[in-house]
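Single-letter residue listing:
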Amino acid sequence: MVKLSCKHCLTANWRSSVALALAVTLISPLAARAEEPDARKLVKAMSDYLSAQKAISFAYDTNFEIVTTEHQKLLLASSGKVEMGRPDKLRVTRTGGFADVEMTFDGKTATVLGKHLNLYTQADLPGTIDHLVDEMRDKLHRPVPGADLLLPNVYDELMRDVVDVKDLGSGVIGGVECDHLAFRTKELDWQLWIAQGEKPYPCRYVITATQVDLGPQYSIQISDWKTGTDVVAEDYSFKNTSDAKKVELEKLVDIDELPDRFAKGDSK
């Protein structure tokens, strides 16, 4: 069994971190303050664009960096797809080296299917997608990938408790030119790359826990962005096509990005 110092991800390559630190030191406090309103406007424009979309789909890749108690860095990678119909329809798939999972929500019932186990569980959670996101995170402990970006009030969710804002200029993600922004709260650093142009969708979202030993990090990169009639999903109800067995949630082992056999140690 591999024991970890924490359950989250780890800092990026140290050379990149040093390069970024050197670049930031060249920005005077006055310049940084001047960038803040523009950076906030970019996030607000993204938020307004996302909330205006009645149907959204995208593919995603996640990087989940962890560290063992011996300070060995490990990277867990997975990919999936999100299909969403506002206000209360959602389908999310995630495939990694340890699990193949699908979650469906039809406005009334949330279903989590472990395809690799041929087992599924269900919970009655009538309401909107934002209610589902809260319930999945707080009660079922199964966070939805990129959940912050799916809520109708993205700006309020992201900017809550932000104490520092930086506009780092332009970056390119998957061939798409983006505005690169960096933010800080007392507990987290996070970065956001927003596509430039008429469709300011999020291309990459990176979160680093600065108050946890070795700064665990999680990132999600988005591609194949579609909205409106280009979104394929129409029926979000669960179809048990594989004759999977229904079980309680605790019977669905190894369905998270961090496998169950990775024991969590104490954070420092």
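In the block above lies the structure referred to throughout.
Residues numbered from 1 in each chain as written. Predicted model: local features only at pLDDT ≥ 70, side-chain atom pairs only at ≥ 80, totals over all residues. Heavy atoms only, no water.

Student: Residue-level account of the overall build of the chain, with values.
Tutor: Across its full length, the chain carries 4 helices and 14 strands. For the chain, the proportion of its 268 residues judged to be buried stands at 45%. Put simply, 56% of the contacts in the chain that link residues at least 6 apart link residues at least 24 apart. (Helix = DSSP H or I, 4+ residues; strand = E, 2+ residues; numbered from the N terminus. Buried < 20%, exposed > 50% of the residue type's maximum accessible area, 1.4 Å probe, protein only. Contact = heavy atoms within 4.5 Å.)

Student: How would you summarise the environment of Tyr-60 if you had to cite specific residues and measurements?
Tutor: Within the secondary structure, Tyr-60 sits in strand S2 (residues 55–67). Looking at Tyr-60, the relative accessible area reads 1%, which means it is buried. The spatial distance from the C-alpha of Tyr-60 to the C-alpha of Ser-223 is 6.0 Å, given a sequence separation of 163 residues. Every residue in contact with Tyr-60, bar those within four places of it in the chain, is listed here: Ser-78, Ser-79, Gly-80, Lys-81, Val-82, Val-92, Thr-93, Arg-94, Pro-145, Ile-220 and Gln-221. Only 2.7 Å separates the side chain of Tyr-60 from the backbone oxygen of Thr-93, close enough to count as a polar contact. (Polar contact = N/O pair within 3.5 Å; in protein donor to acceptor, adjacent residues only side chain to side chain.)

Student: Mind laying out the side chain of Ser-57, listing which residues take part and the relevant values?
Tutor: The topology assignment puts Ser-57 in strand S2. Taking relative accessible area as the criterion, Ser-57 reaches 2% and is therefore assigned buried. Apart from the residues lying within four places of it in its own chain, the contact partners of Ser-57 are Val-82, Glu-83, Asp-224, Trp-225, Lys-226 and Val-231.

Student: Explain the packing of aromatic side chains residue by residue, including any values.
Tutor: With the rule as written, the count across this model stands at 7 aromatic pairs. Each ring, one from Trp-190 and one from Tyr-205, has its centre 6.0 Å from the other, and the planes form 80°; the classification is edge-to-face. Residue Trp-190 is found in strand S10 (residues 188–195), and its partner Tyr-205 is found in strand S11 (residues 202–209); the two are separated by 15 residues along the sequence. Judged by its relative accessible area of 4%, Trp-190 falls in the buried class. Aromatic side chains Tyr-201 and Trp-225 sit 4.9 Å apart centroid to centroid with 5° between the ring planes, which places their arrangement in the stacked category. Of this pair, Tyr-201 sits in the loop between S10 and S11 while Trp-225 is found in strand S12 (residues 217–227), placing the two residues 24 residues apart along the sequence. Judged by relative accessible area, Tyr-201 falls into the buried class, the value being 13%. Classification of Trp-225 as buried rests on a relative accessible area of 15%. If you follow Arg-204 out to its NZ or CZ, it ends over the ring of Trp-193, 5.3 Å from the centre. (Phe/Tyr/Trp six-rings, centres within 6.5 Å; stacked < 30°, edge-to-face > 60°. Lys NZ or Arg CZ within 6 Å of the ring centre and 35° of its normal.)

Student: Explain the pairing of S2 to me, using residue names and the numbers behind them.
Tutor: The element S2 is extensively covered by neighbouring structure, given that 10 of its 13 residues are classed as buried. Two strands pair when backbone bridges link them, and S2 and strand S3 (residues 73–85) are joined in this way by 13 bridges, in the antiparallel orientation. Residue Asp-61 lies in a different strand from S3, and its bridge partner there is Ser-79. Relative to S12, S2 runs antiparallel, the two sharing 9 bridges. The residue bridging Asn-63 from the neighbouring strand is Ser-219, located in S12. (Pairing = 2+ DSSP bridges.)

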